[in-house]
Amino acid sequence: FAGKFPGYLSPSMGLKFADVPNGLAAISKVPAFGWIQMIAYALYVEASALNFGYFDESNSKLAPGDYGWKPPLLATTNPELRKKRLNAEIANGRLAMMAIIGMFFQ
């Protein structure tokens, strides 16, 4: 994304999205109720996943992270190719973590 959303982040406080700085400085500018809303939504999303059969007997036989959904054009039955793709995903995740840590210290 380039730029910021138009309008108000908090109409009652007169705080516009354009007034919020980039990076970690934004943490202190977001009102407390805004943080409560974000945390409540994250908890709702996490809690809503509890009813998708993670604790069923049928899913206990699956490999970790395999919930039976096969993404189109990415899923494969070849175990060697699957292992290669999973290792690439882990490597990309680690690279992303290092990149965000590097951005925090800029």
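Residues numbered from 1 in each chain as written. Predicted model: local features only at pLDDT ≥ 70, side-chain atom pairs only at ≥ 80, totals over all residues. Heavy atoms only, no water.

S.K.: What's the story with the packing of aromatic side chains in this structure? I'm lost.
M.R.: Working definition: an aromatic ring pair is given by the centre-to-centre distance plus the angle between the planes. Counting across every chain of the model gives two aromatic pairs. Look at Phe-5 and Phe-17: their rings are 5.7 Å apart centre to centre, the planes differ by 70°, and that puts the pair in the edge-to-face class. Placement of Phe-5 in the segment before strand 1 (8–10) and of Phe-17 in the loop between strand 2 (15–16) and helix 1 (32–48) is noted, with a sequence separation of twelve residues between them. By relative accessible area, which is 26% here, Phe-17 ends up partly exposed. (Phe/Tyr/Trp six-rings, centres within 6.5 Å; stacked < 30°, edge-to-face > 60°. Helix = DSSP H or I, 4+ residues; strand = E, 2+ residues; numbered from the N terminus. Buried < 20%, exposed > 50% of the residue type's maximum accessible area, 1.4 Å probe, protein only.)

S.K.: What should I look at first to understand a nonpolar patch on the surface in this one?
M.R.: A contiguous nonpolar patch, built from Leu-24, Ile-27, Trp-35, Met-38, Ile-39, Leu-43, Ile-100, Ile-101, Met-103, Phe-104 and Phe-105 and spanning about 1,100 Å² of accessible area, is present on the exposed surface. Put simply, the parts of the chain that give the nonpolar patch at least two residues each are helix 1 and helix 2 (79–104). Summarising the element assignment, Ile-101 is placed in helix 2. (Patch = residues over 30% accessible without salt bridge, like charges linked within 9 Å, V, L, I, M, F, W, Y side chains within 5 Å. Areas by Shrake-Rupley, 256 points an atom, 1.4 Å probe, with all protein chains shown as cover. Salt bridge = Lys/Arg side-chain N within 4 Å of Asp/Glu carboxyl O.)

S.K.: Where do I start with the side chain of Ser-10 in this structure?
M.R.: By the secondary structure assignment, Ser-10 is in strand 1. Here Ser-10 falls in the buried class, since its relative accessible area comes to 10%. Beyond its immediate stretch of four places on either side in the chain, Ser-10 contacts Leu-15 and Pro-31. (Contact = heavy atoms within 4.5 Å.)

S.K.: Can you help me understand helix 2 in this one?
M.R.: In an α-helix, one turn spans 3.6 residues, which is why side chains three or four residues apart end up on the same side. Taking 1.5 Å per residue as the helical rise, helix 2 with its 26 residues ought to reach 38 Å, and the 38 Å between its terminal C-alpha atoms agrees with that figure. Between a side-chain oxygen at the N-terminus of helix 2 and the backbone nitrogen of Glu-80 the separation is 3.1 Å; the capping residue is Asn-78. (Expected span 1.5 Å × (residues − 1). Polar contact = N/O pair within 3.5 Å; in protein donor to acceptor, adjacent residues only side chain to side chain.)

S.K.: Hey, could you run me through the environment of Arg-85 in this one?
M.R.: Summarising the element assignment, Arg-85 is placed in helix 2. Expressed as a C-alpha distance, the spacing of Arg-85 and Leu-74, which sit eleven residues apart in the sequence, is 8.8 Å. When sequence neighbours within four positions are dropped, the list of residues in contact with Arg-85 reads Leu-74, Ala-75 and Thr-76.

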